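Chain residues, written in single-letter form:
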Amino acid sequence: MIISDKTIEIVEKEQKCIGCNACMKGCPMLDRFCDSPKTLLKKLLDEKSFDYKLPYSCMQCGYCTKVCPVDVDLKHLFMELRKDTVNQTDGKLPKDLNTSNVAMHQKLSFTGLFSKKIQHLESDTVFFPGCALQAYSPDLVEKVYSYIRKTTKGAGYYNVCCAKPTKMMGKDSEFQKIYLGIDDEFKRRKVKRVITGCQNCYMTILSNSPDIEVISLWEYIAKAGVPAEAKNKYKIKKDEGLNTNKSEYSFVLHDPCPTRDVDSIHMAVRNIIAALGIEIDEMKYSKGRTLCCGAGGMVAITQNDIAKAHMRRRATEKDADYILTYCQECVESMRRGGSKSLHILDLIFLDDFLEVNQGNQSTLDKWKNRFIAKTARL
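Residues numbered from 1 in each chain as written. Predicted model: local features only at pLDDT ≥ 70, side-chain atom pairs only at ≥ 80, totals over all residues. Heavy atoms only, no water.

(A) Main features of the environment of N271. Relative to the helices and strands, N271 is located in helix α12 (residues 263-275). Exposure remark for N271: the relative accessible area of 44% places this residue in the partly exposed category. With 195 residues separating them along the chain, N271 and H76 place their C-alpha atoms 32 Å apart. (Helix = DSSP H or I, 4+ residues; strand = E, 2+ residues; numbered from the N terminus. Buried < 20%, exposed > 50% of the residue type's maximum accessible area, 1.4 Å probe, protein only.)

As structure tokens, this is what we get:
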């Protein structure tokens, strides 16, 4: 693929790389293409062309820039290379990237079968759960929404995809067209605040609806308080002597990468966990320096071998009975990587997390759940 003049300017800017290779310690893909990003950047500038697999191997997690001493932004560069690929193929990306699956997901997501306009709105606040959470458990989503309605009177419910998968493919103009419909719905219903149950939705809405206050579900719960029945639910009572309290299981926390720079979310999640009476261990790479779960940038579809290898790395980074996280995609990645994993919402709203199915759901099961979530009388 030929690098566009616009992208060449970015490549030139990033020649500031000093070759320290700090980024390669946590990056899941750079070592597949180079021995140093400095070498890679020089090659891109000299040849003014690139292997299309390069940008579609980047998980768009931003770890590289976070640890870079001179702020080289490979995430931005690789996204522009994705756009170059889209432009040069007229949107018909190479078949070996398997992006037809993404296109089908997005096509179905915006049909009447799996999406619905804002419902039950009697205030200026909407709950936006996101696709992955609805695909996992419509019952859990219903419980979360019921909690939000109790703590914010008249909060509405918006069942739609944020369209980030389209954006991640490099199809920016297509994304903008889809998202315009979402933003128009916010404006039509005079929505001022959106509570998101997904880290990707949080960042997408924050970046594309500047007039909307976006708050993560975790910040919301931390401020409103965990449900009374969940407070200290897992705390071991020492005076009980020998017991089989579920909190005797060990937990390690994985922070999702989309919100790596939102410290308020990191703090809120840890406050919620403490309120549940759970003690957690931290990953070696956590909070702002967290590693991607392996599903970022749709790489699990475009370069599955890279995604699987990184899922195994992250899932086995630290030993624990369960990896706890607050992103459903991350939960599934940790399971694919070989570890038991739970969503924080499982611990808050389910009676017994030990009954949570640790197996991975089939694609058909996920679509069935999304249909149930769309048709449910929330």
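(B) Representation of the confidence of the model for the chain. Taken over all residues, the pLDDT of the chain has a mean of 93, while the share at 70 or more is 96%. Across residues 241-245 the pLDDT falls below 50, and counting only partners more than four positions away or on other chains, this stretch makes six contacts in the model. (pLDDT = per-residue confidence, 0-100. Contact = heavy atoms within 4.5 Å.)

(C) Region of interest: the pairing of strand β4 (residues 193-196). The side-chain alternation of β4 yields two buried faces, one formed by R193 and I195 and the other by V194 and T196. Pairing geometry for β4 and strand β5 (residues 213-216), over four bridges, is parallel. Bridge pairing in β5 links R193 to E213. As a crossover connection, the stretch from β4 through helix α10 (residues 199-208) into β5 is right-handed. (Pairing = 2+ DSSP bridges. Right-handed = clockwise from strand over helix to strand, strands pointing away.)

(D) Broad picture of the packing of helix α2 (residues 37-47) against helix α4 (residues 74-88). Two elements in contact, α2 and α4, have axes separated by 13 Å at closest approach and are oriented at 35 degrees. You can see that α2 and α4 cross each other, and the crossing is left-handed. Only L74, L77 and F78 of α4 make contact with α2, whose side of the interface consists of P37, L40, L41 and L44. (Axes fitted to C-alpha atoms, helices over the stretch in contact; angles between N-to-C directions. Left-handed = near helix turned anticlockwise from the far one by under 90°.)

(E) Up close: the nonpolar core. F128, I148, F186, W218, I221, L345 and I348 are the most contacted members of the largest nonpolar core, which totals 63 residues. When residues of this core are assigned to their parent elements, the largest contribution, six residues, is made by helix α7 (residues 138-151). For I348, the residues in contact, after removing those within four places along its chain, are I221, P227, A230, K233, I272 and L276. Core analysis: the next-biggest nonpolar cluster, separate from the first, contains 47 residues, I8, L45, L81 and Y285 among them. (Core = buried A, V, L, I, M, F, W, Y, C linked by side-chain atoms within 4.5 Å.)

(F) Expanded view of the side chain of T259. Looking at the secondary structure, you find T259 in the loop between β6 (251-254) and α12. Residue class for T259 comes out buried when judged on its relative accessible area of 0%. The contact partners of T259, leaving out residues within four places of it in the chain, are Q199, Y202, M203, I265 and H266.

(G) View of the environment of I348. Locating I348 in the fold gives a position in helix α16 (residues 344-349). On the basis of relative accessible area, I348 is assigned to the buried category, the value being 3%. Along the chain, I348 and V144 lie 204 residues apart, while their C-alpha atoms are 9.3 Å from each other.

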